[in-house]
Amino acid sequence: MLKQRVITALILLPLILGPIVYFPTLWLYVFLCAVGMIAAWEWTALMGLTSATARYAYLALVAVLLTGAWFAGVIGLGVWVVMFGAIWWGNALSMIAGYPVNFRLSPPGHFAMSAYGLLMLVPALLGLAMLHSANHGVLRLFFLFALVWMADIGAYFAGRRFGKRKLAIEVSPGKSVEGAIGGFVASMLVGLVAAPWVFGFGRFDWLPMLLLCATVIGVSIIGDLTESLFKRHRGVKDSGTLLPGHGGVLDRVDSLLAAAPVLALGLSLLGI
């Protein structure tokens with residue numbers, strides 16, 4: 001399994017980094033939307049849709065809203081789109097806290113699950129495009145990736161070494177409080193070191209920046225737990241089988257989907 005994961009990661013890395021570095025923002029957004037459509041297809045399975053017609057209809061809806069989100073960004077309304085995404089992840093935290101009792105009492109139907117998927121995907125993809133279109137956009141995206149990936153890597157190693165108390169045992173039994181703290185600290189150190197190089201020395205106030213980084217890291221953890229919640233509710237281990245050793249696309253981007261709109265919104269509000 002480890003060999004599969006490494007090989008898959010080595011293949012995917014240039015496929016991801018190439019468009020980020022060399023594509024203009026519009027074409028990067030098209031590329032991201034293509035990946036997003038794969039994630040949306042996986043989401044239809046988590047929704048419990050079995051009809052191919054219903055699943056393709058949902059993909060069509062996602063495509064329409066992704067197109068609308070782009071034009072919202074063009075006319076200066078993109079911040080509102082990512083704001084809806086950021087608000088959704090606050091709602092997701094309440095879902096995690098109440099699981100499984102909340103889902104037993106009132107399991108989400110297809111309409112609710114449809115809305116959840118849209119709020120997860122559309123603001124995140126537009127948020128990535130907004131980051132890319134700003135000054136030093138490539139570095140902004142790498143900054144986002146570094147925060148999310150370091151939180152994940154730090155949590156893995158800290159959890160293996162120190163993990164004792166379960167973070168959300170009903171949602172993801174393998175995650176620990178100690179792991180989350182370790183990932184948070186490691187990621188904050190990355191933010192502390194990288195922020196001046198990405199956004200400019202002396203061009204931002206440290207306290208708001210560190211608060212934003214802390215929020216992004218916290219929300220990335222929520223994103224990971226949220227997808228685990230929906231997989232557990234559906235009774236599946238992975239969202240798909242497209243990526244050998246990694247599961248589906250949603251399994252790889254869940255934290256990023258949560259973090260992207262929050263960072264894009266925060267930087268916009270801070271005027272950075």
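Preceding block: the structure.
Residues numbered from 1 in each chain as written. Predicted model: local features only at pLDDT ≥ 70, side-chain atom pairs only at ≥ 80, totals over all residues. Heavy atoms only, no water.

Caption draft 1: Up close: the pattern of salt bridges. The final tally for this structure, using the stated rule, is five salt bridges. Glu 178 is the partner of Arg 165 in a salt bridge, and the nearest nitrogen-oxygen pair spans 3.0 Å. Of this pair, Arg 165 sits in the loop between helix H7 (137–162) and strand S1 (166–168) while Glu 178 sits in helix H8 (residues 177–199), placing them 13 residues apart in sequence. Residues Asp 224 and Lys 175 are paired through a salt bridge, measuring 3.4 Å at the closest nitrogen-oxygen approach. Residue Asp 224 is located in helix H9 (residues 206–234), and its partner Lys 175 is located in strand S2 (residues 172–176); the two are separated by 49 residues in the primary sequence. Residue classification places Asp 224 among the buried residues on the basis of a relative accessible area of 15%. By relative accessible area, Lys 175 is classed as partly exposed at 25%. Residues participating in the shared-partner salt-bridge network are Glu 227, Lys 231 and Asp 251. (Salt bridge = Lys/Arg side-chain N within 4 Å of Asp/Glu carboxyl O. Helix = DSSP H or I, 4+ residues; strand = E, 2+ residues; numbered from the N terminus. Buried < 20%, exposed > 50% of the residue type's maximum accessible area, 1.4 Å probe, protein only.)

Caption draft 2: Here's a closer look at the packing of aromatic side chains. Taken as a whole and judged by the stated rule, the model has 14 aromatic pairs. Summarising the aromatic geometry, the rings of Trp 43 and Phe 230 are spaced 5.1 Å apart at their centres and angled 85° between planes, so their arrangement reads as edge-to-face. Taken together, the residues span a long stretch of sequence, with Trp 43 in helix H2 (residues 25–47) and Phe 230 in helix H9 at a distance of 187 residues. Taken individually, Trp 43 and Phe 230 each receive the classification buried, so the pair is uniform in this respect. Each residue in the set Trp 43, Trp 88, Trp 89, Tyr 99, Phe 103, Tyr 116 and Phe 230 is aromatic and connected to the rest through ring pairs, giving one cluster. Note that Arg 55 overlies the ring of Trp 41, its terminal NZ or CZ placed 3.8 Å from the centroid. (Phe/Tyr/Trp six-rings, centres within 6.5 Å; stacked < 30°, edge-to-face > 60°. Lys NZ or Arg CZ within 6 Å of the ring centre and 35° of its normal.)

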